[in-house]
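# Examining the three-dimensional arrangement
Chain residues, written in single-letter form:
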Amino acid sequence: MLKNKTAVVTGASRGIGRQIALQFAENGANIALIYAGNTAAAEETLSRLREYGVKAEAYRCDVSDWNETKTACETIIKEFGAVDILVNNAGIIKDQLLLRMNEDEFDSVIETNLKGAFNMTKHLSRSIMKSSSGRFINISSVSGITGNPGQANYSAAKAGMLGLTKTVAKEFAAKGVTCNAIAPGFIETDMTENLPKSVKEQVDAVVPLKRMGKTAEVANLAVFLASDLSSYITGEIIKIDGGMCI
């Protein structure tokens, strides 16, 4: 489905990003994996990607840094030849009630989750624009749609990604390039694994399907949006939340 295409996936050493990279590779895509600092996890993911017989390389990069992302993107284009797909998945959380949230807790989340998506989109846009089936996929969150107590920074960043998605979709549509956002709800990852039992039990109360989602279910949607099957879909925000936001 993605054979001979090259995808850049940020935050791909673990969680949703890792699963997206793996399922892209399973469908034939070459993968440029962007990670922030967990080299061991990145190397493990890289080894698994190469089992699919695709070209895969890892690049350590702080996506919030303009110069680092520029250098990384230039290197990727040089080593892979071109880029067809960008998945902006990298993100951090620093949850705190607004009355207690400090400037660094707000700024760092905005810079990584939102500015990071802008940086990567900007530096890869010309290459993706040349692709016959260019795709931008932004991993947002239902928190960016509904807001969430204790997540003023995270919700603002993820809401900003939705505006970025729609703008990129409009600006690149004439070139046949699409841009869509995925808004996950509760998904089983390392992050949610550490939630208190009481919080996990609340999922049944707010999610109609009575469970958390799987990273593979998010990745399945990403594969669809990256493929030619989604060529007439752009500017959309697709929730994958078990009906939580109905």
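Here's a quick rundown of the structure. (Residues numbered from 1 in each chain as written. Predicted model: local features only at pLDDT ≥ 70, side-chain atom pairs only at ≥ 80, totals over all residues. Heavy atoms only, no water.)

### Here we look at the overall build of the protein chain
The helix and strand inventory of the protein chain stands at nine helices and seven strands. Taking 18 Å as the expected radius of gyration for a compact globule of 246 residues, we find that the protein chain reaches 17 Å, a close match to that expectation. C-alpha extents for the protein chain along the principal axes are approximately 50 × 40 × 35 Å. Counting over 246 residues, the protein chain shows a buried share of 49%. Restricting to contacts in the protein chain with at least 6 residues of sequence separation, those with at least 24 account for 74%. When the accessible area of the protein chain is evaluated, it comes to approximately 11800 Å², of which 50% is carbon and sulfur surface. The average position of the 27 basic charges and that of the 27 acidic charges among the side chains of the protein chain differ by 5 Å. (Helix = DSSP H or I, 4+ residues; strand = E, 2+ residues; numbered from the N terminus. Rg over C-alpha atoms; globule rule 2.2 N^0.38 Å. Buried < 20%, exposed > 50% of the residue type's maximum accessible area, 1.4 Å probe, protein only. Contact = heavy atoms within 4.5 Å. Areas by Shrake-Rupley, 256 points an atom, 1.4 Å probe, with all protein chains shown as cover. Lys, Arg positive; Asp, Glu negative; His and termini not counted. Charge placed at Lys NZ, Arg CZ, Asp CG, Glu CD.)

### As for the layout of surface pockets
Counted as a void, the second largest pocket has a volume near 180 Å³. In this structure, the second largest pocket is lined by Phe118, Thr121, Lys122, Ser125, Arg126, Met129, Leu164, Thr167, Val168, Glu171 and Phe172. When contributions to the lining of the second largest pocket are tallied by element, the ones reaching two or more residues are helix 4 (103–130) and helix 6 (152–172). With six residues, helix 4 is the single largest residue contributor to the lining of the second largest pocket. (1 Å grid on protein atoms, 1.4 Å probe; cavity = no way out; pocket = protein on both sides within 12 Å on 5 of 7 lines; lining within 4 Å. Points joined across faces, edges and corners; volume = space filled by probe spheres on them.)

### Concerning empty space enclosed by the protein
Where empty space is left can be seen by rolling a probe of water-molecule size over the atoms. Taken as a whole and assessed by the stated rule, the structure comprises one cavity of 30 Å³ or more. Taken as a whole, the largest cavity encloses approximately 30 Å³ of empty space. In this structure, the largest cavity is lined by Thr10, Val63, Asn88, Asn89, Ala90, Thr112, Asn113, Gly116, Ala117 and Met120. Ranked by residue count, the leading element in the lining of the largest cavity is helix 4, at five residues.

### Some remarks on the sheet that holds strand 5 (residues 135–139)
In space, the seven strands of this open sheet follow the order 3-2-1-4-5-6-7, with parallel pairing throughout. Each end of this open sheet is capped by a strand with a single partner; those strands are strand 3 (56–60) and strand 7 (237–240). On average, each strand axis in the sheet is inclined to that of its neighbour by 15°, with strand direction left out of account. Summarising the sheet, strand 1 (residues 6–10) and strand 2 (residues 30–35) pair through five bridges and their orientation is parallel. Residue Val8 lies in a different strand from strand 2, and its bridge partner there is Ala32. Lying on the sheet, helix 1 (residues 15–26) is in contact with strand 1, strand 2, strand 4 (85–88), strand 5 and strand 6 (178–184); it crosses strand 1 at an angle near 170°. Along the sheet, helix 4 makes contact with strand 1, strand 2, strand 4 and strand 5, crossing strand 4 at roughly 180°. (Pairing = 2+ DSSP bridges. Axes fitted to C-alpha atoms, helices over the stretch in contact; angles between N-to-C directions.)

### Details of the packing of aromatic side chains
Within the structure shown, the criterion is met by two aromatic pairs. Measuring from ring centre to ring centre gives 6.2 Å for Trp66 and Phe118, while their planes differ by 25°; the resulting arrangement is stacked. Of this pair, Trp66 sits in helix 3 (residues 66–80) while Phe118 is found in helix 4, placing the two residues 52 residues apart along the sequence. For Trp66, a relative accessible area of 34% gives the class partly exposed. Taking relative accessible area as the criterion, Phe118 reaches 40% and is therefore assigned partly exposed. The ring of Phe80 is capped by Lys55, whose NZ or CZ atom sits 4.9 Å from the centre of that ring. (Phe/Tyr/Trp six-rings, centres within 6.5 Å; stacked < 30°, edge-to-face > 60°. Lys NZ or Arg CZ within 6 Å of the ring centre and 35° of its normal.)

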